[in-house]
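Coordinates in review
This is what each chain is made of:
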Amino acid sequence: MHSLGGGVSWITLNRPEAMNAVTWDQRERIIALLAEASADPAVRAVVLTATGRGFCAGADLRGTRAPTRERVAGDVARTIRLGAQRLIAAVLDCEKPVIAAVNGTAAGIGAHLAFACDLVLAADTAKFIEVFVRRGLVPDGGGAYLLPRLVGPQRAKELMFFGDALTAADAERLGLVNRTVPGGELESLAEEWAGRLAAGPTRALALTKQLLNASLDGDRATAFAAEAAAQEINMTTRDADEGVASFVERRSPEYRGC
């Protein structure tokens, strides 16, 4: 499901009978919606959530399209690049801040989908499971990229080597979740945070997201150069002018997202 209101794009996984395991069609729809959010000036924040007891149980292997020929070397890597990795990249590359409102179990690619978001809110009953090792698989969907950056390599190895379920409280303690709340309060908190983001300086937030996401991949000189370039670009926006003017005039800023 998808809805737009108050500058917030709500993307809701809605296959509760399958714990919202993602099908091929759903994956493509999510990727398209995130791309649309980047390009649409009416969208200033995104919330990714789900219905039922689960946030996302991973990829729906039963819904995978049947191969048209016998599998050959390179097919699996290509499938990963064009599938799970595209989905995670779409979240990381979205030009608007993305909030995950994790209502239930997030397993496999479902956990990585949450961890790729800029802010993660979770119901206190939610769980995060690096389920790959239980199936004899290597983590995909960017997990080995995301987790060490969020919790460090030792914690990432613990989660991925054992595949134990991580409670929302423990996920918050490790820094994987920003806030844990009772399930009945999750939607209202997501609305509050998304509303604050939607009222903010949208282009400045986009540039800040890019800087933060790139900060662990380069050296100081590269990071400093990117920071200066981002500020140069941002200073051409109306919102930057408004931010400075409101400070000088001692009033609250009214950002327009441009």
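Placed above this text is the structure.
Keep in mind that this is a model prediction, so the values were computed, not measured.

Rules of the game
- Residues numbered from 1 in each chain as written.
- Predicted model: local features only at pLDDT ≥ 70, side-chain atom pairs only at ≥ 80, totals over all residues.
- Heavy atoms only, no water.
- Helix = DSSP H or I, 4+ residues; strand = E, 2+ residues; numbered from the N terminus.
- Contact = heavy atoms within 4.5 Å.
- Buried < 20%, exposed > 50% of the residue type's maximum accessible area, 1.4 Å probe, protein only.
- Pairing = 2+ DSSP bridges.
- Axes fitted to C-alpha atoms, helices over the stretch in contact; angles between N-to-C directions.
- 1 Å grid on protein atoms, 1.4 Å probe; cavity = no way out; pocket = protein on both sides within 12 Å on 5 of 7 lines; lining within 4 Å.
- Points joined across faces, edges and corners; volume = space filled by probe spheres on them.
- Nonpolar A, V, L, I, M, F, W, Y, C, P; charged D, E, K, R; others polar.

**Things to note about the environment of Cys258**
Inspection of the secondary structure puts Cys258 in the segment after α11 (238–248). Distance from Cys258 to Thr236, taken between C-alpha atoms, is 9.4 Å for residues 22 residues apart in sequence. In this structure, Cys258 is in contact with Arg203, Thr237, Arg238 and Asp239, ignoring residues within four places of it in sequence.

**Some words on the side chain of Thr23**
Looking at where Thr23 falls in the secondary structure, it is placed in the loop between β2 (8–13) and α1 (24–39). Relative accessible area serves as the criterion here: at 18%, Thr23 is assigned to the buried category. Those residues within four positions of Thr23 in sequence are excluded, and the remaining contacts are Arg15 and Asp60.

**Notes on the sheet that holds strand β5 (residues 98–102)**
Across the sheet, which stays open at both edges, the six strands sit in the order β1-β2-β3-β5-β7-β10 with mixed pairing between neighbours. Where the open sheet ends on each side, the last strands, each with one partner, are β1 (2–5) and β10 (179–181). Strand-to-strand twist across the sheet, computed as the mean angle between neighbouring axes with direction ignored, equals 20°. As paired strands, β2 and strand β3 (residues 45–50) are joined by six bridges and run parallel to one another. Counted as the bridge partner of Thr12 is Thr49 from β3. Packed on one face of the sheet, helix α8 (residues 186–198) meets β2, β3, β5, β7 (119–123) and β10 and runs near 165° to β7.

**Comments concerning empty space enclosed by the protein**
Enumeration over the complete set of coordinates arrives at one cavity of 30 Å³ or more. Taken as a whole, the largest cavity spans an internal volume of roughly 60 Å³. Surrounding the largest cavity, Ala111, Phe115, Phe128, Ile129, Glu130, Leu147, Leu159, Asp164 and Leu166 form its lining. When residues of the lining of the largest cavity are traced back to their parent elements, those giving at least two are α4 (109–115) and β8 (127–129). Class assignment of the residues belonging to the lining of the largest cavity gives a composition of seven nonpolar, no polar and two charged.

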